[in-house]
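Report on the structure
Here's the letter readout for the chains.
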Amino acid sequence: MKYYNSYMERQEVSPELHERLLGLDVKKKRSGSRWMKYGALAACAALIIGVGAWKLAPTPATTPNPPQSSGQFAAGYNPLPGEKDVVESDDLFVVSSPAGGGKLAFPMIPDINYQDITDQSQLSSDAARAYLPGSFMTDLKKEDIQTIFWGPEGKPQADHPKTEQGDLPWMLFWDGYTLQGRALYDGQGQLMELWLWGEQDRASFELELCLGALPFTCCIDVNRGDIISEFNGVSVAGWSQVYDRDGDGQDDYICGSAFMTKNDIGVRFVNRNSLMRAEYEQDGSMDLGGAQAFNALFVRQALADGGGLYLDHLAENENIPAWREENFSTLAQARQEADFAPYLPTAEPEGYNEFYGRLSYQEGHSNSLFVRWSRVGAYDDVEVAVYRDGYYSYNLVDPDDPETYDLRLYSIPWCDSVPEKYRETVDRPAFKAEDMSLAIVEARGREHDTGGMTYSFDVLHPDGTVVSYRCDGLTAQQVWAMVEETF
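Residues numbered from 1 in each chain as written. Predicted model: local features only at pLDDT ≥ 70, side-chain atom pairs only at ≥ 80, totals over all residues. Heavy atoms only, no water.

**Section: the overall build of the chain**
Of the regular secondary structure elements, the chain holds ten helices and 23 strands. Counting only contacts in the chain whose residues sit at least 6 apart along the sequence, the fraction spanning at least 24 positions is 68%. A total of about 23100 Å² of accessible surface is found on the chain, and carbon and sulfur atoms cover 49% of it. (Helix = DSSP H or I, 4+ residues; strand = E, 2+ residues; numbered from the N terminus. Contact = heavy atoms within 4.5 Å. Areas by Shrake-Rupley, 256 points an atom, 1.4 Å probe, with all protein chains shown as cover.)

This is the structure:
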């Protein structure tokens, strides 16, 4: 494990890819099996078989912290004028229960086979996504999320204890969860995928929905026959895992399901832990049984006759932000972009024989230009990414605090040597342009796997432009010359 950690500590993605991942500007391939389309209806006795008695653990006395985005500003950071955060607090809400409290009906839990795949490799042959130019994200409002589960007519009338509802259908058992949702659209405003996240104490879930196709499911082959169950005439893939997912010393109980609804919505639902606990389970795990029951209750709601899921209100988005994508085959072409030229190198790095450049603009979301030189056969790259208009999150550090950025103070693996409070800044620090120097560049150097040195850091200019550098195979003096000429 030590050598694995050492290797992984040295692996990086380009700033361009890093920003795509933060923005979730991705699209799933629409090809692949449609194995969960429709199935013959089974007898009711076979559809609803309890997996064991269950109970709901007491709700925590305090509301849990809302889901955090890796793109949010660091605590104590004062954003520049116009600089934008990723998550708005008014796009979160805590699900409330019906005003009358508990329910009279006892939920019948579907018998879904949550196959244990903890120690199995489950790579799918259709597990691929591709970036789609012009795609954009929108945050979902509370009303958007409610309509997904109730449809355009809204929730049932609360005139009977068995039909009374809270914020969402009570049979989901999402009471007390903090919810956040986002929808991904293509450049023409068509819905590609939709996500909901919920969190309460150590319990959390992610729901992914897609019109007309199964959502992308990383590392799980949902076509495997031994993980398929039938519920209400629909094939449901189910899986479970038990391991310490977040490194807190406690096992996490993870359950997932994937299926196509009868109105052609692809679903992937994965939950970690649950406030529910099974009173009895064949394997003796009350926590795993509770996580399974929580997941199965969602399957029941999503495939219920007269219920289910509804996405028509989100299928199209007419508020398409203006966007532009441009590829460049030479540095000279890239430097024709006047807003970016002052921050780009004026000359090609010597010995690098392959060039790639791309401009990416989307109104309200991004405005960047990325260039890369590669040395074919040597696995060395020189990358410069310029971000304008405050669409890039960075970790500003003080040059007088070397422990926040100086790689010479730490050994590989960083997970063992870097204090937790400095890990983000040591990984990718940002410096004000007026503070930059050759000494800082030298402090950001480390040995590259292919020989020589590699350097990585961000530079914040007075107008708010951020330039991100990652340079393999150059000397500190060569990197500093590239930076210095932009001042």
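**What to know about unusual backbone geometry**
Where the residue is not glycine, phi is negative for most of them; where a peptide bond is considered, it is trans in most cases. Of note, the bond from I412 into P413 is cis; its omega dihedral lies within 30 degrees of zero at 5°. Inspection of the secondary structure puts P413 in the loop between strand 19 (395-396) and helix 7 (414-417). The phi dihedral of F173 falls on the positive side, at around 60°, and the residue is not glycine. The residue F173 is located in the loop between helix 4 (142-150) and strand 7 (178-185) in this model. For F173, a relative accessible area of 15% translates into the label buried. The phi dihedral of N232 falls on the positive side, at around 55°, and the residue is not glycine. Positionally, N232 belongs in the loop between strand 10 (228-231) and strand 11 (234-243). (Buried < 20%, exposed > 50% of the residue type's maximum accessible area, 1.4 Å probe, protein only.)

**Looking at a negative patch on the surface**
Together, D398, D400, D401, E434 and D435 give the surface a local cluster of negative charge. Turning to its location among the elements, D400 is positioned in the loop between strand 19 and helix 7. (Patch = residues over 30% accessible without salt bridge, like charges linked within 9 Å, V, L, I, M, F, W, Y side chains within 5 Å. Salt bridge = Lys/Arg side-chain N within 4 Å of Asp/Glu carboxyl O. Lys, Arg positive; Asp, Glu negative; His and termini not counted. Charge placed at Lys NZ, Arg CZ, Asp CG, Glu CD.)

**Quick look at the pairing of strand 13 (residues 265-272)**
Summarising burial for strand 13: eight of the eight residues are buried, a large majority. Residues I265, V267, F269 and N271 line one face of strand 13 and the alternating positions G266, R268, V270 and R272 line the opposite face, and both faces are buried. With eight bridges joining them, strand 9 (residues 203-211) and strand 13 adopt antiparallel strand pairing. Along strand 13, the bridge assignment pairs L209 with V267. Where strand 12 (residues 252-260) and strand 13 come together, seven bridges link them in antiparallel fashion. (Pairing = 2+ DSSP bridges.)

**Regarding the packing of aromatic side chains**
For the structure shown, the criterion picks out 18 aromatic pairs. Summarising the aromatic geometry, the rings of Y387 and Y392 are spaced 4.1 Å apart at their centres and angled 10° between planes, so their arrangement reads as stacked. By the burial criterion, Y387 is buried, and Y392 matches it. Sitting above the plane of the Y352 ring, R375 keeps its charged end 4.3 Å from the centroid. (Phe/Tyr/Trp six-rings, centres within 6.5 Å; stacked < 30°, edge-to-face > 60°. Lys NZ or Arg CZ within 6 Å of the ring centre and 35° of its normal.)

**Brief notes about the confidence of the model for the chain**
On average, the chain scores 79 in pLDDT, and the residues at 70 or more come to 73%. Below pLDDT 50 for its whole length, residues 1-88 participates in 185 contacts with residues either more than four positions away or in separate chains. Across residues 123-128, where pLDDT falls below 50, the model places ten contacts with residues more than four positions away in sequence or in other chains. (pLDDT = per-residue confidence, 0-100.)

**A few points about helix 4**
A turn of α-helix holds 3.6 residues, and therefore any two residues three or four places apart point the same way. When we look at burial in helix 4, the residues that qualify are I145, Q146, T147, I148, F149 and W150. Buried residues in helix 4 make contact with strand 3 (92-94), strand 7, strand 8 (191-200), strand 9 and helix 5 (286-302). Among the residues trailing helix 4, G151 stands out with phi positive, at a value near 80°.

**Section: the nonpolar core**
In terms of nonpolar packing, the biggest core is built from 50 residues, with F149, W174 and F298 touching the most fellow members. Counting only elements with at least two residues in this core, the list comes to helix 4, strand 7, strand 8, strand 9, strand 11, strand 12, strand 13 and helix 5. In terms of residue count, helix 5 provides more of this core than any other element does, nine residues in total. Beyond its immediate stretch of four places on either side in the chain, W174 contacts V95, F149, L168, L179, F205, L207, F269, F294 and F298. Core analysis: the second largest hydrophobic core is formed by 35 residues, F355, L359, L369 and Y455 among them. (Core = buried A, V, L, I, M, F, W, Y, C linked by side-chain atoms within 4.5 Å.)

**Quick word on helix 5**
Between its terminal C-alpha atoms helix 5 stretches 25 Å, which fits the 24 Å expected from 17 residues at 1.5 Å a residue. With 14 of 17 residues buried, helix 5 lies mostly within the body of the structure. (Expected span 1.5 Å × (residues − 1).)

**Observations concerning the pattern of salt bridges**
Note that side chains of opposite charge can pair when their charged atoms are close. In this structure the tally under the stated criterion is 15 salt bridges. The partner of D248 in a salt bridge is R202, with the nearest N and O atoms 3.6 Å apart. On the criterion of sequence distance, the pair formed by D248 in the loop between strand 11 and strand 12 and R202 in the loop between strand 8 and strand 9 is long-range, its members being 46 residues apart. By relative accessible area, D248 is classed as partly exposed at 36%. Look at R202 and you get partly exposed, because its relative accessible area is 27%. In this structure, R324 engages E326 in a salt bridge whose closest nitrogen and oxygen atoms are separated by 3.8 Å. Of the residues examined, R324 reaches a relative accessible area of 34% and is grouped as partly exposed. Several salt bridges converge on common partners, so that one network encompasses R202, D246, D248, D252 and R272.

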